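So the chains spell out like this:
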Amino acid sequence: MEIKISTKQILKVLYVFSWILFIGICIEAGGFIFNAFYTLVINPAGAGNFWQGIDLSGLYAFDRGYFFVETLLMSIVAVFRAILFYLIVKILHDKKLNMSQPFSDEMGRFIFKIAYLAFGIGLFSWFGVKWAAWFVQQGVEMPDIQLLRLGGADVWLFMGIVLYIIAQIFKRGIEIQSENELTV
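Along each chain, residues carry numbers from 1 onward, in the same order as the chain's sequence is written. The predicted origin of the model limits local features to residues at a pLDDT of at least 70 and limits the giving and counting of side-chain atom pairs to 80 or more, whereas totals for whole chains, interfaces and linings rest on all residues. Only hydrogens and water are set aside when side-chain values are computed; all heavy atoms of the structure are taken into account.

(A) Main features of the packing of helix 1 (residues 7-42) against helix 3 (residues 64-93). At a minimum axis separation of 8 Å, helix 1 and helix 3 run at an interaxial angle of 160°. One finds that helix 1 runs roughly antiparallel with respect to helix 3. Judged by the sense of rotation from one axis to the other, the crossing of helix 1 with helix 3 is left-handed. Note on residue classes: Ala, Val, Leu, Ile, Met, Phe, Trp, Tyr, Cys and Pro are nonpolar, Asp, Glu, Lys and Arg are charged, and everything else, Gly too, is polar. Among the residues forming the contact of helix 1 with helix 3, the class breakdown is 24 nonpolar, five polar and three charged. The convention used is that axes are lines fitted to C-alpha atoms, helices contributing only their stretch in contact, and that angles between N-to-C directions extend from 0 to 180 degrees. The secondary structure listing takes helices from DSSP runs of H or I that are at least 4 residues long and strands from runs of E that are at least 2 residues long, numbered from the N terminus. Geometric relationships in this document are graded by angle, where less than 35 degrees denotes roughly parallel, more than 145 denotes roughly antiparallel, 65 to 115 denotes roughly perpendicular, and other angles denote oblique. Whether a crossing is left-handed or right-handed is set by the direction in which the near helix is turned from the far one by less than a right angle, anticlockwise for left-handed and clockwise for right-handed.

In structure tokens:
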């Protein structure tokens, strides 16, 4: 007995996973933003028990401005990741994927947006990693990059470039498809 899984079923599963990831990343982004605000405005002791137990007290003691910049970079990366998954959820929810004509303007714009977001995530992650490495050189005790959710900058940059190339191919496919529609 052979079970055949259709593209429609796979897209439904991906839709559910995308929702789960989107909600989780939104919570993480909100946690970073709230904890940074709480630590900077209300209680500086919050740096010692930042989001999910991250200890940024050494950075806060070193300089509040640097603490703000590092948490801002962490927040930007988290918000960009949330936006990326929002776009994925949105395109799957709106059922904009037309398998009979995949080269649509909507799909082209979607791939360009995803490419720019992936590149932005990689860029801000890279800046955050470089800042954290500089802090360590200054003698500041910093948590692991993975705990700061800044790891994988090279992968995000690579993915952004690959998606941009695919978006350019889609753009050309859209042009060819519209030319063919005009000649019919």
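(B) Structural detail: the packing of helix 3 against helix 4 (residues 105-137). In contact at an axis separation of 9 Å, helix 3 and helix 4 are set at 160° when each is read in the N-to-C sense. Taken together, the axes of helix 3 and helix 4 lie roughly antiparallel to each other. The handedness of the crossing between helix 3 and helix 4 is left-handed. The residue makeup of the contact of helix 3 with helix 4, split by class, is 23 nonpolar, three polar and three charged.

(C) Up close: unusual backbone geometry. Unlike most non-glycine residues, Gln52 shows phi in positive territory, near 55°. Position of Gln52 among the secondary structure elements: in the loop between helix 1 and helix 2 (57-62).

(D) Representation of the nonpolar core. Membership of the largest hydrophobic core comes to 42 residues, with the highest contact counts inside it found for Phe50, Leu56, Phe67, Leu84, Phe110, Met142 and Leu148. Elements with a minimum of two residues in this core: helix 1, helix 2, helix 3, helix 4 and helix 5 (153-183). Here a residue-residue contact requires only that any non-hydrogen atoms of the pair lie within 4.5 Å. Apart from residues lying up to four places away in sequence, Leu56 is in contact with Ala47, Phe50, Phe67, Thr71, Met142, Pro143 and Leu148. Take the buried residues of types Ala, Val, Leu, Ile, Met, Phe, Trp, Tyr and Cys, join any two whose side-chain atoms come within 4.5 Å, and each joined set is a nonpolar core. With a 1.4 Å probe rolled over the protein chains alone, any residue whose accessible area is under 20% of its type maximum counts as buried; one over 50% counts as exposed, and the rest are partly exposed.

(E) Inspection of the pattern of salt bridges at higher detail. Basic side-chain nitrogens of Lys or Arg form a salt bridge, by our definition, when they fall within 4 Å of a carboxyl oxygen of Asp or Glu. Under the defined criterion, the tally for this structure stands at five salt bridges. Between Glu106 and Arg109 there is a salt bridge whose closest N-O contact spans 3.2 Å. Placement of both Glu106 and Arg109 in helix 4 is noted, with a separation of three residues, approximately one turn of the helix. Classification of Arg109 by relative accessible area gives partly exposed; the value is 45%. Its salt-bridge partner being Arg172, residue Glu175 comes within 3.1 Å of it at the nearest N-O pair.

It is worth stressing that arrangement in space is one thing and function is another; only the former is reported here.
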